[in-house]
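Inside the fold
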Amino acid sequence: MSRGDELKELASDLSRAVELARRVGLPTTVYLLSIALVEVKEAARAADEGDDDGAA
């Protein structure tokens with residue numbers, strides 16, 4: 001599994017966690033997970049483009 005694939009899988013997991021936190025009413029957790037999700041999506045995009053500068 002490539003780094004990009006692993007990051008996409010992590011983004012999917014984070015997305016599910018955001019939805020669960022939203023359903024149970026944890027706004028701070030939603031906020032923090034959302035920030036992590038954005039970072040992981042950017043890293044996945046960078047990995048797909050072969051650009052290591054954008055990866056965290």
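Further up the page is the structure itself.
Reference entry: report on the structure contained in this document. (Residues numbered from 1 in each chain as written. Predicted model: local features only at pLDDT ≥ 70, side-chain atom pairs only at ≥ 80, totals over all residues. Heavy atoms only, no water.)

1. Some thoughts on the overall build of the protein
Broken down by element type, the protein carries two helices and zero strands. When each of the 56 residues of the protein is scored for burial, the buried share is 23%. Taking as baseline every contact in the protein between residues at least 6 positions apart, the subset at least 24 positions apart corresponds to 50%. (Helix = DSSP H or I, 4+ residues; strand = E, 2+ residues; numbered from the N terminus. Buried < 20%, exposed > 50% of the residue type's maximum accessible area, 1.4 Å probe, protein only. Contact = heavy atoms within 4.5 Å.)

2. Points about the packing of helix 1 (residues 3-24) against helix 2 (residues 27-49)
Where helix 1 contacts helix 2, the axes come no closer than 9 Å and their chain directions differ by 160 degrees. Viewed along their axes, helix 1 and helix 2 adopt a mutual orientation that is roughly antiparallel. The two elements helix 1 and helix 2 meet at a crossing, and its hand is left-handed. Facing helix 1, whose interface residues are Arg 3, Gly 4, Leu 7, Lys 8, Leu 10, Ala 11, Leu 14, Ser 15, Ala 17, Val 18, Ala 21 and Arg 22, helix 2 presents Thr 29, Val 30, Leu 33, Ser 34, Ala 36, Leu 37, Val 40, Lys 41, Ala 43, Ala 44, Ala 47 and Asp 48. Of the residues assigned to the contact of helix 1 with helix 2, the class counts are 15 nonpolar, four polar and five charged. (Axes fitted to C-alpha atoms, helices over the stretch in contact; angles between N-to-C directions. Parallel < 35°, antiparallel > 145°, perpendicular 65-115°, else oblique. Left-handed = near helix turned anticlockwise from the far one by under 90°. Nonpolar A, V, L, I, M, F, W, Y, C, P; charged D, E, K, R; others polar.)

3. A few points about the nonpolar core
Within the largest apolar cluster, 11 residues are counted, these being Leu 7, Ala 11, Leu 14, Val 18, Ala 21, Val 30, Leu 33, Leu 37, Val 40, Ala 43 and Ala 44. Put simply, the parts of the chain that give this core at least two residues each are helix 1 and helix 2. Considering every element that reaches this core, the biggest residue donor is helix 2, with six residues. Ignoring sequence-local partners within four residues, the contact set of Leu 37 consists of Ala 11, Leu 14 and Ser 15. (Core = buried A, V, L, I, M, F, W, Y, C linked by side-chain atoms within 4.5 Å.)

4. Focus on helix 2
Relative to the 33 Å expected for 23 residues at 1.5 Å per residue, helix 2 spans 33 Å between its end C-alpha atoms, a close match to the ideal helical length. Packing partners of the buried residues in helix 2 comprise helix 1. The positive-phi residue at the C-terminal boundary of helix 2 is Gly 50, with phi of around 75 degrees. (Expected span 1.5 Å × (residues − 1).)

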